[in-house]
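# Notes for the structure review
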2 protein chains.
Amino acid sequence: MRRMTARPANAHQARLLRLLRDGGPNSRAQLGDQVDLSRSKLAVEVDRLLETGLVVADGLAASRGGRRSHNIRLAPGLRFLGVDIGATSVDVAVTNAELEVLGHINQPMDVREGPVAVFEQVLAMAAKLKASGLAEGFDGAGIGVPGPVRFPEGVPVAPPIMPGWDGFPVREAISQDLGCPVMVDNDVNLMAMGEQHAGVARSVGDFLCVKIGTGIGCGIVVGGEVYRGVTGSAGDIGHIQVEPDGRPCACGNKGCLEAYFSGAALARDAEDAVGQGLLQELADRLDTAGKLSAVDVAAAAAAGDATAIDLIRAGGNRTGQVIAGLVSFFNPGLVVIGGGVTGLGHTLLAAIRTQVYRQSLPLATGNLPIVLGELGPTAGVIGGARLISDHLFSPA
Amino acid sequence: MRRMTARPANAHQARLLRLLRDGGPNSRAQLGDQVDLSRSKLAVEVDRLLETGLVVADGLAASRGGRRSHNIRLAPGLRFLGVDIGATSVDVAVTNAELEVLGHINQPMDVREGPVAVFEQVLAMAAKLKASGLAEGFDGAGIGVPGPVRFPEGVPVAPPIMPGWDGFPVREAISQDLGCPVMVDNDVNLMAMGEQHAGVARSVGDFLCVKIGTGIGCGIVVGGEVYRGVTGSAGDIGHIQVEPDGRPCACGNKGCLEAYFSGAALARDAEDAVGQGLLQELADRLDTAGKLSAVDVAAAAAAGDATAIDLIRAGGNRTGQVIAGLVSFFNPGLVVIGGGVTGLGHTLLAAIRTQVYRQSLPLATGNLPIVLGELGPTAGVIGGARLISDHLFSPA
DNA sequence: ATGACTTTCTCCAGTCACAGGACAAAGGGG
DNA sequence: CCCCTTTGTCCTGTGACTGGAGAAAGTCAT
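This structure is a prediction, so every number in the text was calculated from the model and none was measured.

Procedures and definitions
Residues numbered from 1 in each chain as written. Chains lettered and ligands numbered in written order. Predicted model: local features only at pLDDT ≥ 70, side-chain atom pairs only at ≥ 80, totals over all residues. Heavy atoms only, no water. Helix = DSSP H or I, 4+ residues; strand = E, 2+ residues; numbered from the N terminus. Rg over C-alpha atoms; globule rule 2.2 N^0.38 Å. Buried < 20%, exposed > 50% of the residue type's maximum accessible area, 1.4 Å probe, protein only. Contact = heavy atoms within 4.5 Å. Areas by Shrake-Rupley, 256 points an atom, 1.4 Å probe, with all protein chains shown as cover. Pairing = 2+ DSSP bridges. Axes fitted to C-alpha atoms, helices over the stretch in contact; angles between N-to-C directions. Near = heavy atom within 4 Å. Polar contact = N/O pair within 3.5 Å; in protein donor to acceptor, adjacent residues only side chain to side chain. Nonpolar A, V, L, I, M, F, W, Y, C, P; charged D, E, K, R; others polar. 1 Å grid on protein atoms, 1.4 Å probe; cavity = no way out; pocket = protein on both sides within 12 Å on 5 of 7 lines; lining within 4 Å. Points joined across faces, edges and corners; volume = space filled by probe spheres on them. Buried area = accessible area lost by both parts, 1.4 Å probe. Least-squares fit on C-alpha atoms with pLDDT ≥ 70 in both. Salt bridge = Lys/Arg side-chain N within 4 Å of Asp/Glu carboxyl O. Phe/Tyr/Trp six-rings, centres within 6.5 Å; stacked < 30°, edge-to-face > 60°.

## With respect to the overall build of chain A
A count of helices and strands for chain A gives 14 helices and 14 strands. Its C-alpha atoms give chain A a radius of gyration of 23 Å, within 12% of the compact-globule value 21 Å for 396 residues. Principal-axis analysis of the C-alpha atoms places the extent of chain A at approximately 75 × 50 × 40 Å. Sorting the 396 residues of chain A into buried and exposed places 56% on the buried side. Excluding contacts between residues fewer than 6 apart, the proportion of contacts in chain A whose partners are at least 24 apart in sequence is 59%. Carbon together with sulfur atoms contributes 51% to the accessible area of chain A, which is approximately 16100 Å² in total.

Right, dumping it as structure tokens:
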């Protein structure tokens, strides 16, 4: 099925579509206040958008002391698909044109099985959402992958944790399978866009979004736009060296941040601690393979275990050390901490804050909030929907 | 004397002025090729610019097989003043509208004497340039100061090495004294703009410009525009911690990069080395106060002294360690090394390169040139001229 | 109910920006 | 001397846009 054949014909229409997306239904008069166009011109552009079917006028709003206004809203049938591919699980969600999540599925998965297997699963999940009646079809999809992406082409490049993905034409392939436009980006960038659109980063122009999960990455937003760097690898802070000649890292170097703190490193440290007789309450959580996960550590810390709290604090200190440097360098207006280990909560945040406030310049930290993301696992999928809507709501 | 009363009336005119600034004299036809406007519209805008006196038509170019074209160029009498205030010296230069340096003076100075004394000296230097016949007056001035600046107002904020400058209304005061528009920025940002306009960074959109002088700073260029951060302190990498619990730094923290490598730190290390019986050939260069400078170390290294080379290499390693992190984070297309210690030359560059290429991600370093700035002390003043011309060559 | 006042939206005419073609000017080459 | 190329100017038509004059549809006080 072919959907949303129309695209905005000019920058004004694109602007209006985004206003309706971000601000919800609006009257012509309210739109006019935000757009610096004469009422006449605005009416013309709105009429054209109505003709294309991208927006609809449904019903009258309550009077505000005068003639009642017509409600202009984005077509209620528009549906975007947000896909967030992690290292060990996938999130797939449908949103409407205002990027509200209508349905959300999360399933375990292993990226190392390669793109073909992963996207088979993703497409099945999308089909499930469609079958549940949330969408008759998709007008666009935004996909996040856990590694660098050559953004214009939508192709992962040299992804360390995703062997077999290098050069796989994700955008082209999924666009064919799904029959709609697709955009691909790094998962961290999607998280940043999600928090920017619907989370803690609303109304902040320049901010950093640090995602700590299986790996560590950082979304960089400059002037409201995601900055991706010249080869799409900007924000890859997991392999910044924090300890000269330190622990070996999977990347081949030594002393990388990720070798000290990430979901994987934390689990490994916890297993070691159990082996040394510490962290006894975690011993019974060991699975058959003798493995623990970051979630177990979070639970132990929440239960007040001192060793677990120490592990989290040590990792937070390392991470805070790196973030402190980035704050001095980038001077952001906000730092968002998110990703899988957000469950470690306040202990982690406190450690990071301590390091940053102590090490960074007073001028850079003076008015700098460091907060946890507020969207959790939906940040990525909302970011995906935002990514593709940004693309579709721009002049053809 | 009032000069350059006119400003471009619209974005087209601004665009044309910048093309003439960056590309030199041009015919209407050549301009038309670069600007995506019809010949008629272009002719109208050029005529209007001619009326204002901002550009002039002088003479005919050689024929290229048809009618000879008129040379359109920026008014030859336009003069910009570039001022680069360092910690221990000032550079002042006059440029024409194409930002070519017509005259350049450098004088020793001490920022700590405060803004009033410093600007008295700067104004005297400007007067000297004027008296030498290079300018009848100035159409604008761009000023760089060695500390963070609240850019829109042109006011230094909380400058660590410039007590007495905090809040001094540089832009307003100098604008009055000079009788022309003034813009103020961090000196590092000016260096970046200089190298971007006339140096190694031409045609690079995203790059970093590391200036190592009395302190260490980094200019950040994103999409061709200088990024200043939310409080104007972006790029302040001198106080990133490179050694937990390391050497005390003037900023009050410990282990800052500047405590290990900068003009001041290098001189101190050299003095220590002399005290320990090393670096004997430098002993006779000690001044009456028993002091050395970075220049002395550079000379010793050039003469082949192993200790001097080791000092430079050690500093380069520390700096490279920090830059490696920034490269992973920012994924630039180029890294420029400049500032006073550029005299340390290849030894320094090699150390930095080694660290970056070894520590940063292959994807980020794959095609990453790390080079010395090519403008030396003129980078800052050209950047100043560029800063003010960007401002003047934008719609009023 | 009635009139005064608001707010929203539409219609219309006039202005400005701009493109594109015709044409003039000025040169080169066979 | 004729034809071609390049550059620059002029002119006209089209579409974008503004601002004002209403019309439509409501609230509120009297």
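There is more to say, and it comes next.
## Observations concerning the sheet that holds strand β5 (residues 101–108) of chain A
Residue and element names in this part refer to chain A. Here we have 5 strands laid out as an open sheet, ordered β5-β4-β3-β6-β9, and mixed in their pairing. Single-partner strands in this sheet number two, and they are β5 and β9 (182–186). Taken over all neighbouring pairs, the strand axes of this sheet differ in orientation by 15° on average, direction set aside. Where strand β3 (residues 80–85) and strand β6 (residues 140–145) come together, 5 bridges link them in parallel fashion. Directly across from Phe80, in β6, lies its bridge partner Gly140.

## Re the protein's contact with DNA strand C
In the region of DNA strand C, 21 residues are neighbours, and A:Arg67, A:His70, B:Ser38, B:Ser40 and B:Lys41 sit closest. Counting only the atoms of DNA strand C within 4 Å of the protein, the fraction contributed by sugar and phosphate is 64%. Separating a phosphate oxygen of DNA strand C from a backbone N or O atom of A:Arg28 is a distance of 3.4 Å. At a separation of 3.4 Å, a base nitrogen of DNA strand C approaches a polar backbone atom of B:Gly65. For the surface near DNA strand C, the secondary-structure elements that each account for two or more residues are α2 (28–35) and α3 (39–52) of chain A together with α3 (39–52) of chain B. Across the surface near DNA strand C, the residue classes tally to 2 nonpolar, 11 polar and 8 charged.

## Looking at empty space enclosed by the protein
Applying the stated criterion across every chain, the model contains 1 cavity of 30 Å³ or more. Looking at the lining of the largest cavity, its residues break down into 1 nonpolar, 4 polar and 1 charged.

## As for the interface of chain A and chain B
Listed by partner, the interface residues are 35 residues for chain A and 35 residues for chain B. Summed over both partners, the interface of chain A with chain B comes to about 3000 Å²; 63% of that surface belongs to carbon and sulfur atoms. Our count for the chain A to chain B interface comes out at 16 residue pairs in polar contact (both at pLDDT 80 or more). Here the residues of the side of chain A that touches chain B are counted per class, giving 18 nonpolar, 13 polar and 4 charged.

## Details of the relation of the copies chain A and chain B
Least-squares fitting of chain A to chain B yields an RMSD of 0.1 Å, with the transformation described by 0.0 Å of translation along the axis and a rotation of 180°. Both chain copies can therefore be described as sitting about a two-fold axis. Relative to the rotation axis, the closest C-alpha in chain A is found at A:Leu326, a distance of 3.9 Å. Interface residue correspondence from chain A to chain B reaches 100%, placing this contact among same-surface, isologous pairings.

## Topic: the pattern of salt bridges
All names here are of chain A. Taken as a whole and judged by the stated rule, the model has 34 salt bridges over all chains. Ionic pairing is found between Asp47 and Arg28, a salt bridge with its closest N-O pair at 3.5 Å. Here Asp47 is found in helix α3, whereas its partner Arg28 is found in helix α2, with 19 residues between them in sequence. Owing to a relative accessible area of 37%, Asp47 belongs among the partly exposed residues under this scheme.

## Overview of the pairing of strand β9 (residues 182–186) of chain B
Residue and element names in this part refer to chain B. Of all 5 residues that make up β9, 5 are buried, and the element is covered over most of its length. Sheet topology note: the strand β6 (residues 140–145)/β9 ladder contains 5 bridges and is parallel. What sits directly across from Val145, in β9, is Asn186.

## A word on the side chain of B:Ser360
Residue and element names in this part refer to chain B. Relative to the helices and strands, Ser360 resides in the loop between α12 (345–359) and α13 (362–365). A distance of 2.8 Å separates the side chain of Ser360 from the backbone oxygen of Ala324, its partner in a polar contact. Excluding its chain neighbours within four sequence positions, the residues that come into contact with Ser360 are Ala324, Val327, Ser328, Gln355 and Thr365.

## Comments concerning the packing of aromatic side chains
The description of an aromatic ring pair rests on the distance of the ring centres and on the angle between the ring planes. Following the criterion strictly, the structure yields 11 aromatic pairs over all chains and no others. Where A:Tyr227 meets B:Phe330, the ring centres are 4.7 Å apart and the plane angle is 15°; that geometry is what we call stacked. Highlighted residues: A:Tyr227 in the loop between β12 (225–226) and α7 (257–260) and B:Phe330 in helix α11 (residues 306–330), drawn from two different chains. According to the relative accessible area criterion, A:Tyr227 is buried, its value standing at 7%. The exposure class assigned to B:Phe330 is buried, which follows from its relative accessible area of 3%. Through a chain of ring-to-ring contacts, the aromatic side chains of A:Tyr227, A:Phe329, A:Phe330, B:Tyr227, B:Phe329 and B:Phe330 assemble into a single cluster.

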